[in-house]
Amino acid sequence: MNILILGGGGREHSLAWAVKQNPKCDRLIVAPGNAGIAAIAECADLDIENGGAVANFAEENAIDFVIVGPEAPLAAGVTDRLEAAGLTVFGCSQAAAQLEASKAFTKEICDASGAPTAGYARFDEADLAKEYIHLQGAPIVVKADGLAAGKGVVVAMDEATALAAIDDMFGGAFGAAGAEVVIEEFMEGEEASLFVLCDGQDVLPIGTAQDHKRVGEGDTGPNTGGMGAYSPANVLDNNVLDKAMDQIIRPTVAEMARRGTPFKGVLYAGLMIKDGQPRLVEYNVRFGDPECQVLMMRLGAQALDLMQACAEGRLAEMRVNWADDHAMTVVMAADGYPGSYEKGSVIKGLDDLPESSFEICFHAGTSQKDGQVIATGGRVLNATARGATLQEARDRAYALVDQIDWPQGFCRRDIGWRALE
Ligand code: AMP
Ligand code: GLY
């Protein structure tokens, strides 16, 4: 089978690594890929948000199966275009991508399906939004409706912060994404992520994880795309998982099908859990990054069979073969991230790192220049490992970090602290 993966971050490196272990995989192309992916797959320069260009490329290269990594091509309708060309695609339709692309849409789906989530109101005008904030009081959460690269959410602990967020959003700080805002009740609890494959009808949970969104140790400082993750998330135990599947995931999937826009692909539910009860924070319509890295570490080669069955509507016949293990990934980022950072610093020591089914350093923002690996993004490397216990996975992951020679990079030293305390 010839496989094309769209994307070039740590998520896509881990997808490529897992897919490559499956004997079904003959040829593997990743667009655009990165320096780490280039060691295990062909990398192609391709505008991955242009469905026509991807379809032509897939035809020229006799691709049998396309896996879409990030949300932008999904929201741009690349899956629809590829399926129209007869390709098998792991990734949802443009209509279903609304679950991530519009927070207001997701709230409507929650209302229609009865999925527990924060109370909310929608506004397309600043004055009424501010009046609502005065009435509700803080803490309160202000969200730009559209895709804002993870930055369109302000959790305001006081009213002034919430009002300033309204000015920012209607002032155009998030472009078109902020033309409408959703104001939500602040939910207390512990967050965890649930990943579920959906083929439009059937659902199959394929793992839980906990991300570390803040840049600083002890979960302090500004939000990032994620500084590390581990799986499974112990707060999402079987009891909470059953509730999340019955009260949130299945009703959502049923409502999407009822509307004629079935969800096919991976549904990533961000959950807030309090007293054993999950509530939905948000949906994403793709794997998390870096959560994908720990899921792929645990699933290995079967990930390809699962994604293929999902794309072909055969999930009912699939089971996940779980090992009783734990995985952790530690993100190494460029100094300054998530603020401004320099590109082009040289990373050494990568060639000598151990690599096995228990440990690997996935690449995120890297490229190859003059025979060296250089940093080209904010989040740059993902030291990833698994073990019989979370502590074992963590020791292995940090052992990888400590062998990497990159003075311009940093990482959090406390990934997994909630679970290990
Ligand atoms: P989102 O982009 O919707 O995931 O929001 C980013 C982060 O803001 C989430 O991971 C939560 O930590 C936090 N957040 C979002 N909505 C709420 C809410 N209603 N109550 C408390 N925290 C929230
Ligand atoms: N790690 C959070 C995300 O992928 O959205």
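What comes next is a walk through the structure. Here, residues in each chain are numbered from 1, in the same order as that chain's written sequence. Chain labels run from A onward and ligand labels from 1 onward, assigned in the order the entries are written. Side-chain atom pairs in this predicted model are given and counted only at pLDDT of 80 or more, local residue features only at pLDDT of at least 70, and totals for whole chains, interfaces and linings cover all residues. Just so you know, side-chain values use all the structure's heavy atoms and leave hydrogens and water out.

**Here we look at a negative patch on the surface**
Logical step 1: Nonpolar side chains (Val, Leu, Ile, Met, Phe, Trp, Tyr) within 5 Å and like charges within 9 Å form the patches, drawn only from residues with over 30% relative accessible area and no salt bridge. Surface accessibility follows the Shrake-Rupley procedure with a 1.4 Å probe radius. Residue values consider only the protein chains on display as shielding. The salt bridge criterion pairs a side-chain nitrogen of Lys or Arg with a carboxyl oxygen of Asp or Glu, the two atoms within 4 Å. The convention is simple: Lys and Arg are positive, Asp and Glu are negative, and His and the chain ends are not counted. Charged groups are reduced to one reference atom each: NZ for lysine, CZ for arginine, CG for aspartic acid, CD for glutamic acid. Taken together, the side chains of D124, E125, D127 and E131 define an acidic patch exposed on the protein surface.
Logical step 2: Only DSSP runs of H or I reaching four residues or more are called helices, and only runs of E reaching two or more are called strands; each is numbered from the N terminus. For E131, the location among the structural elements is in helix α7 (residues 126-136).

**Quick look at the site of ligand 2**
Logical step 1: Neighbouring ligand 2 are the residues D211, G225, Y268, R286, G288, D289, P290 and E291.
Logical step 2: Polar contacts, as counted here, are pairs of nitrogen or oxygen atoms within 3.5 Å of one another; within protein the pair requires one atom able to donate a hydrogen and one able to accept it, and residues that are adjacent in sequence qualify only if both atoms are side-chain atoms. Within the side chain of D211, one N or O atom sits 2.8 Å away from a nitrogen atom of ligand 2.
Logical step 3: Expressed as a share of its isolated accessible area of 200 Å², the protein-covered part of ligand 2 is 86%.
Logical step 4: We call Asp, Glu, Lys and Arg charged. Ala, Val, Leu, Ile, Met, Phe, Trp, Tyr, Cys and Pro are nonpolar, and the rest, Gly among them, are polar. Among the residues forming the shell around ligand 2, the class breakdown is two nonpolar, two polar and four charged. Residues are counted as near a molecule or strand when any one of their heavy atoms sits within 4 Å of it.

**Points about the site of ligand 1**
Logical step 1: Around ligand 1 sit 15 residues in total, of which E184, M187, E191, K213 and E282 are the nearest.
Logical step 2: Contact between ligand 1 and E184: a nitrogen atom at 2.7 Å from a side-chain N or O atom of the residue.
Logical step 3: Contact distances for ligand 1 include 2.9 Å between a nitrogen atom and a backbone N or O atom of E185.
Logical step 4: Taking 480 Å² as the accessible area of ligand 1 by itself, protein coverage stands at 90%.
Logical step 5: Across the shell around ligand 1, the residue classes break down as eight nonpolar, no polar and seven charged.

**Examining the sheet that holds strand β21 (residues 372-375)**
In a beta sheet, neighbouring strands pair by backbone hydrogen bonds and run either parallel or antiparallel.
Logical step 1: Strands are labelled as partners when DSSP assigns at least two bridges between them. Across the sheet, three strands lie side by side as β18-β21-β20; this open sheet has antiparallel pairing. Both outer strands of the open sheet, β18 (346-347) and β20 (366-369), are each paired with one neighbouring strand and no more.

**Overview of the sheet that holds strand β9 (residues 181-185)**
Logical step 1: Sheet architecture is open: four strands sit in the order β6-β9-β7-β8, paired in antiparallel fashion. Edge positions in the sheet fall to β6 (120-123) and β8 (153-156), since each of these pairs with one other strand and no more. If you compare each strand with its neighbour and ignore which way they point, the axes differ by 20° on average.
Logical step 2: Two strands pair when backbone bridges link them, and strand β7 (residues 140-144) and β8 are joined in this way by four bridges, in the antiparallel orientation. Within β8, the position partnered with K143 by the bridge is V153.
Logical step 3: Here, residues are in contact when the closest pair of their heavy atoms is within 4.5 Å. Angles shown run from 0 to 180 degrees and are taken between the N-to-C directions of axes, each axis being a line fitted to C-alpha atoms and, for helices, limited to the stretch in contact. Contacts from α7 reach β6, β7 and β9, with the element oriented near 160° to β6.
Logical step 4: Here helix α8 (residues 159-170) sits on the sheet in contact with β6, β7, β8 and β9, set at roughly 5° to β7.

**Re the side chain of T208**
Logical step 1: Note that T208 resides in strand β11 (residues 203-211).
Logical step 2: Working definition: with a 1.4 Å probe on protein chains only, accessible area under 20% of the residue-type maximum means buried, over 50% means exposed, and in between means partly exposed. For T208, a relative accessible area of 8% gives the class buried.
Logical step 3: Looking at T208, its side chain comes within polar contact range of the main-chain nitrogen of A233, at 2.9 Å.
Logical step 4: Ignoring any residue separated from it by four or fewer positions in sequence, one finds T208 in contact with S193, L194, Y230, S231, P232, A233, L236 and L295.

**Considering a nonpolar patch on the surface**
Logical step 1: Taken together, V153, V155 and M157 make up a surface patch of nonpolar side chains, about 250 Å² in accessible area.
Logical step 2: For M157, the position within the fold is in the loop between β8 and α8.
Logical step 3: The class for M157 is exposed, based on a relative accessible area of 53%.

**Quick word on the nonpolar core**
Logical step 1: Ranked by internal contacts, the top residues of the largest apolar core, which has 51 residues, are L4, L6, L99, L194, L236, I249 and L271.
Logical step 2: Counting residues per element, this core draws most heavily on helix α9 (residues 238-258), which supplies eight residues.
Logical step 3: Beyond its immediate sequence surroundings of up to four residues, L194 is in contact with P205, G207, T208, L236, L241, A244, M245, I249, L267, Y268, A269 and L271.
Logical step 4: Put simply, buried Ala, Val, Leu, Ile, Met, Phe, Trp, Tyr and Cys residues joined by side-chain atoms within 4.5 Å make one nonpolar core. Among the nonpolar cores identified, the runner-up in size contains 45 residues, and F90, Y268, C292 and C310 belong to it.

**Examining the pattern of salt bridges**
One side chain can pair with another of opposite charge once the charged atoms of both are near each other.
Logical step 1: All chains considered together, the criterion is met by 26 salt bridges.
Logical step 2: In this structure, the salt-bridge partner of D305 is K24, at a minimum N-O distance of 2.6 Å. Of this pair, D305 sits in helix α11 (residues 302-311) while K24 sits in the loop between α1 (10-20) and β2 (27-32), and the two are 281 residues apart along the sequence.
Logical step 3: By relative accessible area, which is 23% here, D305 ends up partly exposed.
Logical step 4: Across the pair R250 and D246 runs a salt bridge, and its minimum N-O distance is 2.7 Å. One end of the pair, R250, and the other, D246, are both in helix α9, four residues apart, so they sit about a helical turn from each other.
Logical step 5: A relative accessible area of 42% means that R250 is categorised as partly exposed.
Logical step 6: When salt bridges with common partners are traced through the structure, they connect E108, R122, E180, E255, R258 and R259 into a single cluster.

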